Amino acid sequence: MSLASATPARPLLVTMGDACGIGPEIILKAHLQGALGDAVVIGCKSVMARAAQVVKHALGGDLVPCESWPSLAQAQAVGGSALRVWEPPTLAANLADLPWGQVRAEAGAAAACCIEAAVAAVRAGEGAGIVTAPIHKEALSAAGVNFPGHTEMLQALCVPPGAPLPPVRMMLANDELRVVLVTIHVSLRRAIEMLDVAGIVETLRITHEAALRFGIAAPRIAVAGLNPHAGEGGLFGDEEIHIISPAIAQARAMGMNVTGPFAPDTVFMRARHAPGHPGEFDFVLAMTHDHGLIPVKYLGVEQGVNVTLGLPLVRTSPDHGTAFDIAGRGVADASSLVAAMQMARRLTGQAPGH
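Model, not experiment: these values are computed from the prediction.

**Observations regarding the overall build of the protein chain**
Moving on, step 1. Across its full length, the protein chain holds 12 helices and 12 strands.
Moving on, step 2. Whereas a compact globule of 354 residues would reach a radius of gyration of roughly 20 Å, the protein chain reaches 21 Å, a difference of no more than 12%.
Moving on, step 3. Taken along its principal axes, the extent of the C-alpha atoms in the protein chain is 60 × 45 × 40 Å.
Moving on, step 4. Taken across its 354 residues, the protein chain has 53% of its residues classed as buried.
Moving on, step 5. A fraction of 72% describes how many contacts in the protein chain between residues 6 or more apart in sequence connect residues 24 or more apart.
Moving on, step 6. For the protein chain, the computed accessible surface area is about 14900 Å², with 55% contributed by carbon and sulfur atoms.
Moving on, step 7. In the protein chain, which carries 24 positive and 30 negative side-chain charges, the distance between the mean positions of the two groups comes to 4 Å.

Here it is, written out as structure tokens:
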């Protein structure tokens, strides 16, 4: 990777997510696995201490101490087995009294506070990137936070008030496959209606520019078609002819290494990077949510990492939600958060990667 970090290295910042969900628990489990390294958790010390009790009860062993400090620099300097926690000054108190597995406005407000503090710290040069534990959209709404989720909040926090929001795209990735989506959480009918040349070109540009920032010198982007067999020359649909191919041509004219459209039932196999099978492509662009995410999730949901492309900072997250149904029971799997930490380190130049 070409993005070498400064010395001393700026830490990755891990936001605690919804205090009533599994976020604090999986952070503790990732810490026990050594995945956090010198990362600093932005959150509530009492919430993290409560999660430490849950993890100790479930796994046995020693109780992980959770230490909070008044600054990121002091938190990063903590040694030993303690979890490094920084409590933003505006974070509410007594969050550990919130019930597990329930939508609470206080938890939504606290989650938003931690995200705001993390973005401010990274933009001030105090953090290398952000790994976000899951938040709950209903809790955000109950707290009066006018964003439906992480992505929209991060877009707004990364620009001055009133400035145009940076266009972003969702990438789901693991060690074997990286897939970027043109459309996401809309009906299939609406997704097809939304496809146009400009939107596909913008998605390709965002993917190409992000790849360069991540240290991929000449990113190879494959474009999956929309229809069976990529339309088979118009026999099964003409979106490839009238929308997707013109977008590919524009992107190539802009200097991007983009090829396709390829049949969506085979392009992911061609792109998969596996032992003894180097992938033909660095990224696959998919037109719709399920076209793109099913192949990645089939390789292992626990290894999937959500990466927001287009932001002026690195943000990764586990590929799951708050799991209120199992919160507080000590059974949550931290694998996806561990993978998100590893991905964030690669994308910030703190660890090698393909």
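Next comes the rest of the write-up.
**Some points on the confidence of the model for the protein chain**
Moving on, step 1. Within the protein chain, residue pLDDT values average 91, and 97% of them lie at 70 or more.
Moving on, step 2. Predicted confidence is poor over residues 1–7, with pLDDT under 50, and the contacts of this stretch with residues over four places away or in other chains come to 15 contacts.

**Quick word on helix α12 (residues 335–347)**
Moving on, step 1. Taking 1.5 Å per residue as the helical rise, α12 with its 13 residues ought to reach 18 Å, and the 18 Å between its terminal C-alpha atoms agrees with that figure.
Moving on, step 2. Immediately beyond the C-terminal end of α12, within one or two residues, lies Gly349, with a positive phi of roughly 80 degrees.

**Description of the state of the cysteines**
Moving on, step 1. Throughout the structure, instances matching the rule amount to zero disulfides.
Moving on, step 2. Cys66 takes part in no disulfide bond, and the closest cysteine sulfur to it belongs to Cys44, at a distance of 10 Å.
Moving on, step 3. On the basis of relative accessible area, Cys66 is assigned to the buried category, the value being 7%.
Moving on, step 4. Cysteine Cys158 is unpaired, with the sulfur of Cys114 as its nearest cysteine sulfur at 16 Å.
Moving on, step 5. Classification of Cys158 by relative accessible area gives buried; the value is 4%.

**Here we look at the packing of helix α4 (residues 105–123) against helix α6 (residues 150–157)**
Between two packed helices, the angle of one axis relative to the other and the distance separating the axes together describe the packing.
Moving on, step 1. Look at α4 against α6: their axes get within 10 Å of each other, and the N-to-C directions meet at 40 degrees. With respect to α6, the element α4 is oriented oblique. Crossing hand, α4 versus α6: right-handed. For the pair α4 and α6, the contacting residues are Ala112, Ile115, Glu116, Val119 and Arg123 in the first and His150, Met153, Leu154 and Leu157 in the second.
Moving on, step 2. Residues of the contact of α4 with α6, tallied by class, amount to six nonpolar, one polar and two charged.

Analysis parameters
- Residues numbered from 1 in each chain as written.
- Predicted model: local features only at pLDDT ≥ 70, side-chain atom pairs only at ≥ 80, totals over all residues.
- Heavy atoms only, no water.
- Helix = DSSP H or I, 4+ residues; strand = E, 2+ residues; numbered from the N terminus.
- Rg over C-alpha atoms; globule rule 2.2 N^0.38 Å.
- Buried < 20%, exposed > 50% of the residue type's maximum accessible area, 1.4 Å probe, protein only.
- Contact = heavy atoms within 4.5 Å.
- Areas by Shrake-Rupley, 256 points an atom, 1.4 Å probe, with all protein chains shown as cover.
- Lys, Arg positive; Asp, Glu negative; His and termini not counted.
- Charge placed at Lys NZ, Arg CZ, Asp CG, Glu CD.
- pLDDT = per-residue confidence, 0-100.
- Expected span 1.5 Å × (residues − 1).
- Disulfide = S-S within 2.5 Å.
- Axes fitted to C-alpha atoms, helices over the stretch in contact; angles between N-to-C directions.
- Parallel < 35°, antiparallel > 145°, perpendicular 65-115°, else oblique.
- Left-handed = near helix turned anticlockwise from the far one by under 90°.
- Nonpolar A, V, L, I, M, F, W, Y, C, P; charged D, E, K, R; others polar.

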